[in-house]
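# Working through the structure, step by step
Each chain, written out:
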Amino acid sequence: MLVRLGTRGSRLALTQAELAAGRLRDANPELDVALVPITTAGDRDRSKPFGEIGARGVFVKEIEEALLSGRIDVAVHSAKDMTSTNTDGLAVAAYLPREDPRDALCGASEVRPGMRIGTASVRRKAQLLALEPGLTVEPLRGNVDTRLRKMGERGLDGIVLAAAGLDRLGLAGEIGHRFDTDELLPEAGQGAVALQVRAGEEELGASADDPETRRRVDAERACVARIGGGCLAPIAAYHDGTELHALIAAEDGSWVERRSGTDPEGLADELISLTRA
């Protein structure tokens with residue numbers, strides 16, 4: 001049986017798709033798995049801020065369209081790139097076991113006043129400025145290799161990337177500091193890889209599912225969905241296995257509200273009420 005896995009074409013995305021393919025083959029040795037690279041809006045335009053391209057989902061829309069049209073059988077996404085609610089007609093069949101969910105600082109071992117740090121994430125920008133108001137945070141886009149190269153070309157003191165992506169690419173040596181989640185709360189789903197299928201065809205990917213990762217990521221996505229966050233909103237949610245931690249902030253880091261609890265929607269409502277006070 002041939003199963004076509006749709007994925008972005010970056011080195012990291014293909015690496016993650018190979019992980020998914022391996023996990024599926026391990027559970028179903030008879031499967032013939034083929035990777036189908038797909039270019040997304042976020043890949044085509046690597047210069048504009050995310051807000052000028054579209055809301056959260058700029059790295060998944062074209063892959064979801066290929067899935068809905070039947071050109072692929074399973075979509076492989078970084079879970080943090082997905083919208084917080086499931087697209088009509090699609091479902092998450094599996095989450096691979098989560099790797100390090102933290103953000104990582106490359107180029108330096110600590111954050112210091114006066115540093116120039118590159119990131120395209122408003123979530124990271126808000127928390128970095130709250131951590132150290134004396135920073136200059138500059139927009140930086142591109143795949144992992146491109147951003148590491150641009151760090152040197154632009155003379156930046158550091159850049160912030162997802163630790164899991166660097167680990168998967170064998171670039172852990174580039175990391176100077178892994179931020180504790182008390183310093184930078186991760187994006188919902190960060191560190192997890194999601195396998196998405198057409199609704200009713202969950203059996204195509206179910207054998208790859210890690211139940212604990214699903215429990216945590218589902219709670220994070222539910223919280224963000226309730227708040228209504230997207231790429232433009234400095235919002236974060238992370239479940240540590242015991243509690244869900246959520247955050248909402250001003251993009252300039254002038255205020256940050258964090259709350260913890262066990263009820264995703266209740267936690268979201270509490271944060272929403274704080275912004276309206």
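Note: the structure precedes this text.
Here is a short report on the structure shown in this document.

### Looking at the nonpolar core
- Counting residues in each nonpolar core, the largest one holds 18 residues, and the members touching the most others are Leu5, Val74, Val76 and Leu195.
- Going through the elements one at a time, β1 (2-7), α1 (11-27), β3 (74-78), β4 (90-95) and β10 (193-198) are the ones with two or more residues in this core.
- Here this core gets four residues from one element, more than from any other, and that element is α1.
- With residues up to four places along the chain from it excluded, the contact list for Val76 reads Leu5, Gly6, Thr7, Gln16, Ala17, Ala20, Val193, Ala194 and Leu195.
- Ranked by size, the runner-up nonpolar core spans 15 residues in total, among them Leu12, Ala104, Leu161 and Ile175.

### Some points on the sheet that holds strand β13 (residues 256-261)
- One open sheet holds the three strands; their spatial order is β11-β12-β13, and the pairing between them is antiparallel. The open sheet has two edge strands, β11 (235-239) and β13, and neither has a second partner. Averaged over all adjacent pairs, the angle separating strand axes in this sheet is 15°, with direction ignored.
- Two elements, strand β12 (residues 244-249) and β13, share six bridges in a ladder whose sense is antiparallel. Following the sheet pairing, Ile248 is matched in β13 by Glu257.
- Across the sheet, helix α5 (residues 122-131) is in contact with β11, β12 and β13; its angle to β11 comes to roughly 90°.

### Thoughts on the pattern of salt bridges
- Under the defined criterion, the tally for this structure stands at 26 salt bridges.
- A salt bridge links Glu99 to Arg168; the nearest nitrogen and oxygen atoms lie 3.1 Å apart. Remark: Arg168 occurs in helix α7 (residues 163-168) and Glu99 occurs in the loop between β4 and β5 (103-106); sequence separation between them is 69 residues.
- The buried category is assigned to Arg168, whose relative accessible area is 14%.
- For Asp103, the salt bridge is made with Arg123, and the minimal N-O distance between the two is 2.9 Å. Of this pair, Asp103 sits in strand β5 while Arg123 is found in helix α5, placing the two residues 20 residues apart along the sequence.
- Given a relative accessible area of 0%, Asp103 falls into the buried group.
- Relative accessible area serves as the criterion here: at 2%, Arg123 is assigned to the buried category.
- Among the ionic contacts, a cluster of salt bridges with common partners joins Arg4, Asp73, Arg198 and Glu201.

### Some points on the sheet that holds strand β2 (residues 32-37)
- Ordered in space as β2-β1-β3-β10-β4, the five strands form an open sheet in which the pairing is mixed. Each edge of the open sheet carries a strand with a single partner, namely β2 and β4. When the angles between neighbouring strand axes are averaged without regard to direction, this sheet yields 30°.
- Across six bridges, β1 lies against β2 in parallel orientation. The residue bridging Leu2 from the neighbouring strand is Asp32, located in β2.

### Topic: the pairing of β1
- Following the chain from β1 across α1 to the adjacent parallel β2, one finds a crossover that is right-handed.
- Two elements, β1 and β3, share two bridges in a ladder whose sense is parallel. Paired with Gly6 across the two strands is Ala75, which belongs to β3.

Analysis parameters
- Residues numbered from 1 in each chain as written.
- Predicted model: local features only at pLDDT ≥ 70, side-chain atom pairs only at ≥ 80, totals over all residues.
- Heavy atoms only, no water.
- Core = buried A, V, L, I, M, F, W, Y, C linked by side-chain atoms within 4.5 Å.
- Buried < 20%, exposed > 50% of the residue type's maximum accessible area, 1.4 Å probe, protein only.
- Helix = DSSP H or I, 4+ residues; strand = E, 2+ residues; numbered from the N terminus.
- Contact = heavy atoms within 4.5 Å.
- Pairing = 2+ DSSP bridges.
- Axes fitted to C-alpha atoms, helices over the stretch in contact; angles between N-to-C directions.
- Salt bridge = Lys/Arg side-chain N within 4 Å of Asp/Glu carboxyl O.
- Right-handed = clockwise from strand over helix to strand, strands pointing away.

Without other data, these values stay purely geometric and don't point to any function.
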